[in-house]
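Residue strings, one per chain:
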Amino acid sequence: MKKQFLTLILGGLTFLANAQNDPTVMKVNGKDIKKSEFEYLYKKNNTDISLNEYVELFKNFKLKVAEAESQGIDTTSAFKKELAENRKQLAQQYESKRVLNEALIRQEYERMNEDREISLLFIPMIENNTSSSPQILPADTLNVYNKAQQIRQRLIDGESFEKVGTEFANDKSNLFNGWLSATRMLYPIESTAYTTEIGKISQPVRINTGYILIKVLNKRPSRGEINAAHIMVMCQAGADSTQVEEASKKADQIYQRVMSGEDFATLAKELSDDKGSGQNGGDLSWFQTGQMVPEFENAAFGLQNIGDITQPVRSQFGFHIIKLLGKRGIPSYDDVKNNIITFFSRSEKYMDLYQPWWDQLKKKYKYVPNKVSEKNLYALASINFPSDSTFISKEANNKGVLFTLSAKPYTVADFITFLKKEGRSPFFLSTDFLKERLFAYETRALEKEEDSHLEDNYPEFRNLMKEYRDGFLSYEITQNEVWGKAPKDTVGLTSFFDKHKKDYTWDQPRYKGCVVLCKNDTIKNDITKMISGLSVDDAVDLIKTTYQNDKTNPVKIERGVFAQGSNQYVDEVIFKTKKADANTRYPEFYIMGKMIDQPESYSDVGGLIISDYQNYLEQEWINTLKAKYPIVLYPNILKTIK
């Protein structure tokens, strides 16, 4: 029931204007109930009942809340934890209200409509670096930058990227030549590729681990996306001639089988060395320029019609037989917008993506930076990496203000505490690292400030949280006082049944007893002898005790008050209407009990009397609460409810 209640609350957000004048519609135990709260719940929960009827239901609801508060349920750790978890869940829906940099997203979409062919040379800041998180200081970049400028001049003078690049890496791993699409490369590379004129060589552009130089060779309209499948015969770069010949021969044999009519997907599952795609019939899903190695990409995009298949194509991974499954243009802006947001969220541009939102929050909560403290941190970061103990120890006790938010100071020491706990960043240059961690710290503070004001800023959020809080309290107290109590109150149930017997009569007699299903005839005979002369209750207890530790479950008991048609075994033996269906697991059965004309006790009635008794207890309890907690209505205000 808790889960159903929460689902109802979180099912949707209904905007409700925050009226400047919010009068009181009633008082319950001295607490004001505002018109906005009452009207919100009335409109949300009204199921064609009159206002007066709803007022009565609402009063009962608030009386239960008052009793729950009186018993301290709202102060328990379990309640506070539950409320906090659900507030967090509900607050996440407001992330969609963040103002994003739409111009940046739109620019990226426009870039997706055009490909760039480039030559790229990478000049690393740290030679032979093996660390996954190198620490680079500004001084480390100067020599590399000067080196990049010298290389750029050589390229301008006519030397090729390949010739210059081989001076740095024999395997040419620092070189790239080919076509690329937007969102398919590091953003600094993309931005340089799309802003440099064709035929020109860019200025050195710093990326996380070095500098890049790019020459833009050509541009073309995007070729869109294709869906292709392949069968791969592995033959790694560097394989000897014998290995290449064997792989080529195998690929040709598979190609001939495909062309002779054998199913491509089946062959991919059986023969492809790319096991990941092979289990899906070779399907590589949709891709665009820059996602596959050039040889594969050019062959795949060269296919014209759905179902066309290439001859074996050689790449650095081996031989590929490619089949075209689908072809389409670039999706619409609306269809691809979330993908662009995801791309920026995982790149260096995520700070720019969310900058409008942070700027809005800074203005709302009167963000004031202390440029002096910030400058001092950057000065220290120029000689010490921010995550190192030297940097942290120097600033750990610095009570200087870094910035204020809603007039609350956030100190350098506070930032250092954050840095010690969350000292991971995607940036390797110390000043970039510091900038990103400062941004993360500031945005965390802004988000926390915004979260603390959700109830003030969003009336619908405030009403939903109030609804959930009071609903949870009402549920817990009713569970304690009514729903959980009624089934256990055998004395009360007996008394209630005796007073209301006339409400629980039957039109036809019923059989009161049990059906014992047995795995074989031997067990049935043993049970028959064992329970001879015992009452049904004692017989059931003895059967359970005897067989409860047998893991084969040789016996199954079905107990109740059976009307005709409710149990096939009782129908066969007692009502003699039809033979029971064969049960291979329990082929034998034994019945014991008696016919009764009318219920003998509340237990014969089943769940119906429990429900009726709960309703009775609840009404008695509500009457007690009405006497305990005063209620004051304001009819003139209630009349204004629409």
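The structure displayed is predicted, hence computed values, not measured ones.

Q: I'm lost on the overall build of the protein chain in this one. Help?
A: Regarding its fold elements, the protein chain presents 26 helices and 17 strands. For the protein chain, the C-alpha atoms occupy an extent of roughly 110 × 75 × 50 Å along the three principal directions. A burial count over the protein chain gives 43% of its 642 residues as buried. Residue pairs at least 24 apart in sequence account for 71% of intrachain contacts in the protein chain once pairs closer than 6 positions are excluded. Surface exposure of the protein chain reaches about 34500 Å², of which carbon and sulfur atoms provide 48%.

Q: Where do I start with the environment of Ala 413 in this structure?
A: Its location among the elements puts Ala 413 in helix α17 (residues 412-421). Owing to a relative accessible area of 5%, Ala 413 belongs among the buried residues under this scheme. Spatially, the C-alpha atoms of Ala 413 and Leu 402 are 8.9 Å apart, while their sequence positions differ by eleven residues. If we ignore the near neighbours within four places in the chain, the residues touching Ala 413 are Glu 395, Ala 396, Asn 397, Asn 398 and Lys 399.

Q: Would you explain the sheet that holds strand β3 (residues 114-124) in this entry?
A: Strand pairing in a sheet relies on backbone hydrogen bonds, with the paired strands running either antiparallel or parallel. The strand order across the open sheet built from four strands is β4-β3-β6-β5, with neighbouring strands paired in antiparallel fashion. Each end of this open sheet is capped by a strand with a single partner; those strands are β4 (175-180) and β5 (205-207). For this sheet, the mean angle separating the axes of adjacent strands, direction not counted, is 35°. Here eleven bridges tie β3 to strand β6 (residues 210-221), and the two strands are oriented antiparallel to one another. Its bridge partner lying in β6, Leu 120 is registered against Ile 214.

Q: In this structure, what is going on with the side chain of Arg 111? I would like to understand it.
A: For Arg 111, the position within the fold is in helix α5 (residues 102-112). Here Arg 111 falls in the buried class, since its relative accessible area comes to 8%. Dropping the residues within four chain positions of it, Arg 111 is found in contact with Ala 182, Tyr 187, Glu 190, Ser 191, Tyr 194 and Thr 195.

Q: Please clarify how the packing of helix α21 (residues 490-499) against helix α25 (residues 607-628) should be interpreted in this entry.
A: Each pair of packed helices can be described by the angle between their axes along with the distance between the axes. Interhelical geometry of α21 versus α25 gives an angle of 95° and a closest axis separation of 11 Å. Between α21 and α25, the crossing angle belongs to the class labelled roughly perpendicular. Contacts between α21 and α25 pair Gly 492, Leu 493, Phe 496 and Phe 497 from the former with Ile 609, Ile 610, Asp 612, Tyr 613 and Tyr 616 from the latter. Residues of the contact of α21 with α25, tallied by class, amount to seven nonpolar, one polar and one charged.

Q: Whenever I open this one, the sheet that holds strand β14 (residues 510-518) confuses me. Can you help?
A: Strand order in the open sheet made by the three strands is β15-β14-β16, with antiparallel pairing throughout. Of all strands in the sheet, those bounded by a partner on one side alone are β15 (555-562) and β16 (588-596). The mean inter-strand angle of the sheet, taken between neighbouring strand axes irrespective of direction, is 10°. Here nine bridges tie β14 to β16, and the two strands are oriented antiparallel to one another. Its bridge partner being in β16, Val 516 is matched across the sheet by Tyr 590. Against the sheet, helix α22 (residues 521-530) makes contact with β14, β15 and β16, and its axis sits at roughly 35° relative to β16, the strand it touches most. Set on the sheet, helix α23 (residues 536-547) makes contact with β14, β15 and β16; between it and β15 the angle comes to about 160°.

Q: Where do I start with the pattern of salt bridges in this structure?
A: As a working rule, side chains carrying opposite charge can pair if their charged atoms are close by. A full pass over the atoms with the stated rule returns 39 salt bridges. Salt-bridge contacts for Arg 257 lead to Glu 262; the nearest nitrogen and oxygen are separated by 2.9 Å. What makes Glu 262 partly exposed here is its relative accessible area of 35%. Across the pair Asp 604 and Lys 512 runs a salt bridge whose closest N-O atoms are separated by 3.0 Å. With a gap of 92 residues between them, Asp 604 in the loop between β16 and α25 and Lys 512 in strand β14 connect regions that are remote in the sequence. Exposure remark for Asp 604: the relative accessible area of 6% places this residue in the buried category. Each member of the salt-bridge network shares a partner with another, and the members are Lys 31, Glu 37, Lys 62, Glu 69, Asp 74, Lys 466, Arg 469 and Asp 470.

Q: I'm lost on unusual backbone geometry in this one. Help?
A: The bulk of non-glycine residues show a negative phi, and the bulk of peptide bonds are trans. Phi at Asn 553 is positive, roughly 50°, even though this residue is not glycine. Mapped onto the secondary structure, Asn 553 falls in the loop between α23 and β15. Non-glycine residue Lys 576 carries a positive phi angle of around 50°. Structurally, Lys 576 is set in the loop between α24 (568-575) and β16. Lys 576 sits in the exposed class, given a relative accessible area of 64%.

Q: Sorry if this is basic, but what is going on with the packing of aromatic side chains here?
A: Ring pairs (aromatic) are described by centroid distance and by the angle formed between their planes. The tally for this structure, following the rule as stated, stands at 31 aromatic pairs. Judged by centre distance (5.6 Å) and plane angle (70°), the rings of Phe 38 and Tyr 54 are edge-to-face. Of this pair, Phe 38 sits in helix α2 (residues 35-45) while Tyr 54 sits in helix α3 (residues 51-70), and the two are 16 residues apart along the sequence. A relative accessible area of 0% means that Phe 38 is categorised as buried. Accessibility expressed as a relative area gives 7% for Tyr 54, which makes it buried.

Q: I keep staring at the environment of Tyr 475 and nothing clicks. Help me out?
A: With respect to the helices and strands, Tyr 475 occurs in helix α20 (residues 459-483). Once the C-alpha coordinates of Tyr 475 and Phe 61 are considered, the two residues, 414 residues apart in sequence, prove to be 9.7 Å apart.

Q: Looking at this structure, I do not really get the confidence of the model for the protein chain. What am I missing?
A: A low pLDDT means the predicted coordinates there should not be read in detail. Mean pLDDT over the protein chain stands at 91; residues scoring 70 or higher make up 95%. Confidence over residues 1-20 falls short of pLDDT 50; this stretch has 34 contacts with residues more than four positions distant or in other chains.

Rules and cut-offs
- Residues numbered from 1 in each chain as written.
- Predicted model: local features only at pLDDT ≥ 70, side-chain atom pairs only at ≥ 80, totals over all residues.
- Heavy atoms only, no water.
- Helix = DSSP H or I, 4+ residues; strand = E, 2+ residues; numbered from the N terminus.
- Buried < 20%, exposed > 50% of the residue type's maximum accessible area, 1.4 Å probe, protein only.
- Contact = heavy atoms within 4.5 Å.
- Areas by Shrake-Rupley, 256 points an atom, 1.4 Å probe, with all protein chains shown as cover.
- Pairing = 2+ DSSP bridges.
- Axes fitted to C-alpha atoms, helices over the stretch in contact; angles between N-to-C directions.
- Parallel < 35°, antiparallel > 145°, perpendicular 65-115°, else oblique.
- Nonpolar A, V, L, I, M, F, W, Y, C, P; charged D, E, K, R; others polar.
- Salt bridge = Lys/Arg side-chain N within 4 Å of Asp/Glu carboxyl O.
- Phe/Tyr/Trp six-rings, centres within 6.5 Å; stacked < 30°, edge-to-face > 60°.
- pLDDT = per-residue confidence, 0-100.

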